[in-house]
Amino acid sequence: MILLYILIFFFGAAWASFINATLYRIENHFKYPDIFTKSSHCEKCGKSLNWKELFPVFGYIFLGGKCPTCNTHIPIYYPISEFLLGLTFVLAYIYSFPVQFVFLIIFLFVLSYFDNLYMAVSKKLVHIFLLSCILIFFLDINFTNIIAPLSISIIFLLVNLFKKSFGFGDILILFGLGMVSSYKQFLITFWIGILLALLYSLIMIVLKKKSIKNSKVPMIPFFAIAFVISIPYTEALWNMLLNFIGI
Ligand SMILES: [Zn+2]
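What counts as what
Residues numbered from 1 in each chain as written. Predicted model: local features only at pLDDT ≥ 70, side-chain atom pairs only at ≥ 80, totals over all residues. pLDDT = per-residue confidence, 0-100. Helix = DSSP H or I, 4+ residues; strand = E, 2+ residues; numbered from the N terminus. Axes fitted to C-alpha atoms, helices over the stretch in contact; angles between N-to-C directions. Parallel < 35°, antiparallel > 145°, perpendicular 65-115°, else oblique. Left-handed = near helix turned anticlockwise from the far one by under 90°. Contact = placed C-beta atoms within 7 Å. Nonpolar A, V, L, I, M, F, W, Y, C, P; charged D, E, K, R; others polar. Expected span 1.5 Å × (residues − 1). Buried ≥ 20, exposed ≤ 12 C-beta atoms within 10 Å, placed from the backbone. Core = buried A, V, L, I, M, F, W, Y, C linked by C-beta atoms within 7 Å. Domains from an automatic or database assignment.

Okay, the confidence of the model for the chain next. Here the chain averages 86 in pLDDT, and 87% of its residues register 70 or above. Here helix α8 (residues 147-162) stands out as the element of the chain with the lowest mean pLDDT, 64, in contrast to helix α5 (residues 77-94), whose mean of 96 is the highest.

Here is the structure:
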(Lines give C-alpha, C1' and ligand atoms only; values in the text may rest on other atoms or scores of the structure.)
Protein backbone atom coordinates (compact mmCIF):
# COMPACT_ATOMS: atom_id res chain seq x y z
CA MET A 1 0.00 0.00 0.00
CA ILE A 2 2.73 2.45 1.03
CA LEU A 3 4.58 1.77 -2.23
CA LEU A 4 1.42 2.54 -4.21
CA TYR A 5 1.01 5.84 -2.34
CA ILE A 6 4.63 6.74 -3.05
CA LEU A 7 4.12 6.00 -6.76
CA ILE A 8 0.95 8.12 -6.85
CA PHE A 9 2.74 10.91 -4.97
CA PHE A 10 5.54 11.08 -7.54
CA PHE A 11 3.04 10.82 -10.38
CA GLY A 12 1.32 13.96 -9.02
CA ALA A 13 4.64 15.69 -8.35
CA ALA A 14 5.83 14.90 -11.89
CA TRP A 15 2.60 16.40 -13.26
CA ALA A 16 3.26 19.54 -11.22
CA SER A 17 6.78 19.73 -12.57
CA PHE A 18 5.54 19.26 -16.13
CA ILE A 19 2.81 21.90 -15.79
CA ASN A 20 5.18 24.43 -14.21
CA ALA A 21 7.80 23.87 -16.91
CA THR A 22 5.23 24.14 -19.70
CA LEU A 23 3.75 27.37 -18.27
CA TYR A 24 7.24 28.80 -17.92
CA ARG A 25 8.00 27.98 -21.55
CA ILE A 26 4.71 29.41 -22.82
CA GLU A 27 5.39 32.55 -20.79
CA ASN A 28 8.84 32.87 -22.32
CA HIS A 29 7.60 32.40 -25.88
CA PHE A 30 9.11 29.03 -26.64
CA LYS A 31 8.03 27.79 -30.04
CA TYR A 32 6.20 24.49 -30.54
CA PRO A 33 7.51 21.72 -30.29
CA ASP A 34 10.26 23.14 -28.04
CA ILE A 35 7.61 23.73 -25.37
CA PHE A 36 7.38 19.98 -24.83
CA THR A 37 10.64 18.58 -26.13
CA LYS A 38 13.47 20.92 -25.12
CA SER A 39 15.44 19.54 -22.18
CA SER A 40 15.20 21.50 -18.95
CA HIS A 41 18.05 23.81 -18.15
CA CYS A 42 19.08 26.68 -15.87
CA GLU A 43 17.27 29.89 -16.79
CA LYS A 44 20.41 31.96 -16.36
CA CYS A 45 23.45 30.05 -17.63
CA GLY A 46 21.72 27.42 -19.77
CA LYS A 47 23.24 24.40 -18.03
CA SER A 48 21.18 21.29 -18.83
CA LEU A 49 19.79 19.42 -15.84
CA ASN A 50 20.10 15.64 -15.59
CA TRP A 51 17.37 13.26 -14.39
CA LYS A 52 18.54 13.39 -10.79
CA GLU A 53 18.39 17.17 -10.74
CA LEU A 54 14.99 17.17 -12.43
CA PHE A 55 13.44 14.62 -10.06
CA PRO A 56 10.31 16.17 -8.48
CA VAL A 57 10.85 17.66 -5.00
CA PHE A 58 14.16 15.81 -4.44
CA GLY A 59 15.88 17.47 -7.38
CA TYR A 60 15.61 20.78 -5.53
CA ILE A 61 17.03 19.28 -2.33
CA PHE A 62 19.74 17.51 -4.30
CA LEU A 63 20.77 20.81 -5.91
CA GLY A 64 20.54 22.68 -2.60
CA GLY A 65 18.07 25.08 -4.22
CA LYS A 66 20.50 26.54 -6.73
CA CYS A 67 22.09 25.93 -10.11
CA PRO A 68 25.35 23.93 -9.68
CA THR A 69 27.13 26.02 -12.33
CA CYS A 70 26.09 29.64 -11.75
CA ASN A 71 24.52 29.46 -8.25
CA THR A 72 21.27 31.07 -9.39
CA HIS A 73 18.52 30.35 -6.85
CA ILE A 74 15.71 28.08 -8.02
CA PRO A 75 12.37 29.47 -6.80
CA ILE A 76 11.14 27.48 -3.78
CA TYR A 77 7.69 27.63 -5.39
CA TYR A 78 8.67 24.69 -7.63
CA PRO A 79 9.45 22.00 -5.02
CA ILE A 80 6.63 23.17 -2.73
CA SER A 81 4.04 23.06 -5.52
CA GLU A 82 5.33 19.66 -6.66
CA PHE A 83 5.12 18.33 -3.13
CA LEU A 84 1.57 19.66 -2.66
CA LEU A 85 0.22 18.31 -5.96
CA GLY A 86 1.83 14.93 -5.16
CA LEU A 87 0.08 14.92 -1.79
CA THR A 88 -3.18 15.99 -3.44
CA PHE A 89 -3.02 13.03 -5.84
CA VAL A 90 -2.56 10.67 -2.88
CA LEU A 91 -5.58 12.21 -1.10
CA ALA A 92 -7.59 12.07 -4.33
CA TYR A 93 -6.81 8.37 -4.60
CA ILE A 94 -7.55 7.53 -0.94
CA TYR A 95 -10.80 9.53 -0.76
CA SER A 96 -11.88 9.03 -4.42
CA PHE A 97 -12.25 12.71 -5.28
CA PRO A 98 -14.94 13.35 -7.92
CA VAL A 99 -13.32 13.76 -11.32
CA GLN A 100 -14.68 17.31 -11.77
CA PHE A 101 -12.88 18.31 -8.54
CA VAL A 102 -9.61 16.87 -9.81
CA PHE A 103 -10.06 18.93 -12.96
CA LEU A 104 -10.69 22.11 -10.93
CA ILE A 105 -7.69 21.40 -8.68
CA ILE A 106 -5.37 21.18 -11.69
CA PHE A 107 -6.93 24.36 -13.07
CA LEU A 108 -6.32 26.07 -9.69
CA PHE A 109 -2.73 24.80 -9.83
CA VAL A 110 -2.23 26.61 -13.15
CA LEU A 111 -3.87 29.79 -11.79
CA SER A 112 -1.65 29.58 -8.68
CA TYR A 113 1.45 29.61 -10.87
CA PHE A 114 0.51 32.99 -12.34
CA ASP A 115 -0.83 34.37 -9.06
CA ASN A 116 2.43 33.51 -7.30
CA LEU A 117 4.49 35.07 -10.08
CA TYR A 118 2.52 38.26 -10.81
CA MET A 119 0.03 38.59 -7.90
CA ALA A 120 -2.56 38.52 -10.66
CA VAL A 121 -4.07 36.08 -13.12
CA SER A 122 -5.26 36.68 -16.65
CA LYS A 123 -8.94 37.55 -16.98
CA LYS A 124 -9.34 35.00 -19.76
CA LEU A 125 -8.19 32.11 -17.54
CA VAL A 126 -10.41 33.24 -14.66
CA HIS A 127 -13.41 33.38 -16.99
CA ILE A 128 -12.72 29.89 -18.32
CA PHE A 129 -12.45 28.67 -14.72
CA LEU A 130 -15.77 30.30 -13.84
CA LEU A 131 -17.43 28.84 -16.94
CA SER A 132 -16.13 25.37 -16.00
CA CYS A 133 -17.65 25.76 -12.54
CA ILE A 134 -20.98 26.89 -14.00
CA LEU A 135 -20.94 23.89 -16.33
CA ILE A 136 -20.21 21.51 -13.43
CA PHE A 137 -22.98 23.21 -11.44
CA PHE A 138 -25.53 22.47 -14.14
CA LEU A 139 -24.27 18.95 -14.78
CA ASP A 140 -24.35 18.04 -11.09
CA ILE A 141 -26.97 20.25 -9.57
CA ASN A 142 -27.91 18.14 -6.56
CA PHE A 143 -25.00 18.84 -4.20
CA THR A 144 -24.89 22.59 -4.47
CA ASN A 145 -25.90 25.49 -2.35
CA ILE A 146 -25.49 28.83 -3.98
CA ILE A 147 -26.73 31.16 -1.23
CA ALA A 148 -23.69 31.23 1.05
CA PRO A 149 -21.08 31.72 -1.69
CA LEU A 150 -23.31 34.24 -3.41
CA SER A 151 -23.69 36.42 -0.32
CA ILE A 152 -19.99 36.15 0.57
CA SER A 153 -19.05 37.05 -3.00
CA ILE A 154 -21.28 40.13 -2.84
CA ILE A 155 -19.75 41.19 0.48
CA PHE A 156 -16.28 40.88 -0.99
CA LEU A 157 -17.32 42.70 -4.12
CA LEU A 158 -18.35 45.61 -1.89
CA VAL A 159 -15.15 45.34 0.18
CA ASN A 160 -13.20 45.32 -3.05
CA LEU A 161 -14.76 48.59 -4.13
CA PHE A 162 -13.34 50.32 -1.06
CA LYS A 163 -10.11 48.47 -0.44
CA LYS A 164 -7.95 46.67 -2.95
CA SER A 165 -6.88 43.81 -0.68
CA PHE A 166 -8.70 41.17 -2.70
CA GLY A 167 -8.32 40.98 -6.44
CA PHE A 168 -11.43 40.72 -8.55
CA GLY A 169 -10.12 37.44 -9.98
CA ASP A 170 -9.97 35.94 -6.47
CA ILE A 171 -13.66 36.75 -5.96
CA LEU A 172 -14.68 35.17 -9.26
CA ILE A 173 -12.69 32.04 -8.39
CA LEU A 174 -14.34 31.86 -4.94
CA PHE A 175 -17.69 32.34 -6.61
CA GLY A 176 -16.94 29.45 -8.99
CA LEU A 177 -15.88 27.18 -6.10
CA GLY A 178 -19.08 28.16 -4.29
CA MET A 179 -21.10 26.92 -7.23
CA VAL A 180 -19.62 23.42 -7.09
CA SER A 181 -19.46 23.04 -3.27
CA SER A 182 -22.01 22.69 -0.51
CA TYR A 183 -22.25 25.79 1.71
CA LYS A 184 -20.32 23.94 4.45
CA GLN A 185 -17.54 22.98 2.07
CA PHE A 186 -17.43 26.49 0.71
CA LEU A 187 -17.15 28.11 4.15
CA ILE A 188 -14.41 25.65 5.16
CA THR A 189 -12.53 26.38 1.89
CA PHE A 190 -12.90 30.10 2.43
CA TRP A 191 -11.76 30.22 6.07
CA ILE A 192 -8.95 27.67 5.75
CA GLY A 193 -7.68 29.66 2.75
CA ILE A 194 -7.73 32.92 4.70
CA LEU A 195 -6.04 31.28 7.71
CA LEU A 196 -3.27 29.75 5.57
CA ALA A 197 -2.66 33.09 3.82
CA LEU A 198 -2.47 34.86 7.21
CA LEU A 199 -0.07 32.25 8.51
CA TYR A 200 2.07 32.65 5.39
CA SER A 201 2.08 36.46 5.79
CA LEU A 202 3.12 36.16 9.44
CA ILE A 203 5.96 33.79 8.56
CA MET A 204 7.10 36.14 5.76
CA ILE A 205 7.05 39.13 8.13
CA VAL A 206 8.99 37.20 10.79
CA LEU A 207 11.55 36.15 8.16
CA LYS A 208 11.61 39.80 7.06
CA LYS A 209 10.78 38.86 3.48
CA LYS A 210 7.81 41.22 3.61
CA SER A 211 6.97 44.28 5.67
CA ILE A 212 3.64 44.74 7.42
CA LYS A 213 2.83 47.56 5.02
CA ASN A 214 3.71 45.57 1.93
CA SER A 215 2.22 42.23 2.90
CA LYS A 216 0.12 41.48 -0.18
CA VAL A 217 0.02 37.72 -0.77
CA PRO A 218 -1.27 35.71 -3.72
CA MET A 219 -4.57 34.25 -2.53
CA ILE A 220 -5.28 31.61 -5.19
CA PRO A 221 -2.63 29.09 -4.02
CA PHE A 222 -4.13 29.18 -0.52
CA PHE A 223 -7.70 28.79 -1.73
CA ALA A 224 -6.48 25.89 -3.90
CA ILE A 225 -4.90 24.14 -0.88
CA ALA A 226 -8.00 24.85 1.20
CA PHE A 227 -10.25 23.44 -1.51
CA VAL A 228 -8.23 20.21 -1.57
CA ILE A 229 -8.45 19.95 2.25
CA SER A 230 -12.19 20.65 2.15
CA ILE A 231 -13.03 17.73 -0.14
CA PRO A 232 -12.33 14.93 2.38
CA TYR A 233 -12.35 16.91 5.66
CA THR A 234 -15.30 19.35 5.54
CA GLU A 235 -17.45 17.33 7.99
CA ALA A 236 -14.59 16.80 10.46
CA LEU A 237 -13.50 20.45 10.36
CA TRP A 238 -17.09 21.66 10.57
CA ASN A 239 -17.72 19.58 13.73
CA MET A 240 -14.43 20.78 15.20
CA LEU A 241 -15.49 24.36 14.57
CA LEU A 242 -18.89 23.82 16.20
CA ASN A 243 -17.24 22.20 19.23
CA PHE A 244 -14.77 25.05 19.42
CA ILE A 245 -17.44 27.75 19.55
CA GLY A 246 -19.49 25.55 21.88
CA ILE A 247 -22.57 24.70 19.85
ZN1 LIG B 1 22.90 28.23 -13.95
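That covers the picture; the talk isn't over yet.
Following both chains from N to C, one finds helix α1 (residues 2-27) and helix α6 (residues 99-118) inclined at 50 degrees, their axes separated by 11 Å at the closest point. With respect to each other, α1 and α6 are oriented oblique. Regarding α1 and α6, the two cross each other, and that crossing is right-handed. Within the contact between the two elements, α1 uses A16, I19, N20 and L23 and α6 uses F109, V110 and Y113. Taken together, the residues that form the contact of α1 with α6 break down as 6 nonpolar, 1 polar and no charged.

Let us look at helix α10 (residues 183-206). The terminal C-alpha atoms of α10, which comprises 24 residues, lie 34 Å apart, in line with the 34 Å expected from a rise of 1.5 Å per residue. For α10, the set of buried residues is Q185, F186, L187, I188, T189, F190, I192, G193 and A197. Positioned one or two residues after α10, K208 has a phi angle of 60 degrees, which is positive.

Let's shift gears to unusual backbone geometry. A positive phi angle, close to 60 degrees, is found at V57, a residue other than glycine. Relative to the helices and strands, V57 resides in the loop between α3 (51-54) and α4 (58-63). If you check the backbone angles, M119 has positive phi at about 60 degrees while not being a glycine.

What follows deals with the nonpolar core. Grouped together as the largest cluster of nonpolar side chains are 42 residues, with contacts concentrated most on L108, I173, I220, F223, A224 and F227. Secondary-structure elements contributing two or more residues to this core are α1, α5, α6, α7 (123-139), α9 (168-180), α10 and α11 (220-244). Taken domain by domain, the makeup of this core includes at least three residues from each of domain 1 (1-94) and domain 2 (98-247). When neighbours within four sequence positions are excluded, I220 is seen to be in contact with L108, L111, S112, D115, V121, D170 and I173.

With that out of the way, let us pick up the packing of α9 against α11. Packing of α9 against α11 leaves a shortest axis separation of 11 Å and a crossing angle of 15 degrees. When the axes of α9 and α11 are compared, the pair comes out roughly parallel. Between α9 and α11 the crossing geometry is right-handed. Note on element contacts: α11 touches α9 through I220, F223 and F227, opposite D170, I173, L174 and L177. Per-class residue counts for the contact of α9 with α11 are 6 nonpolar, no polar and 1 charged.

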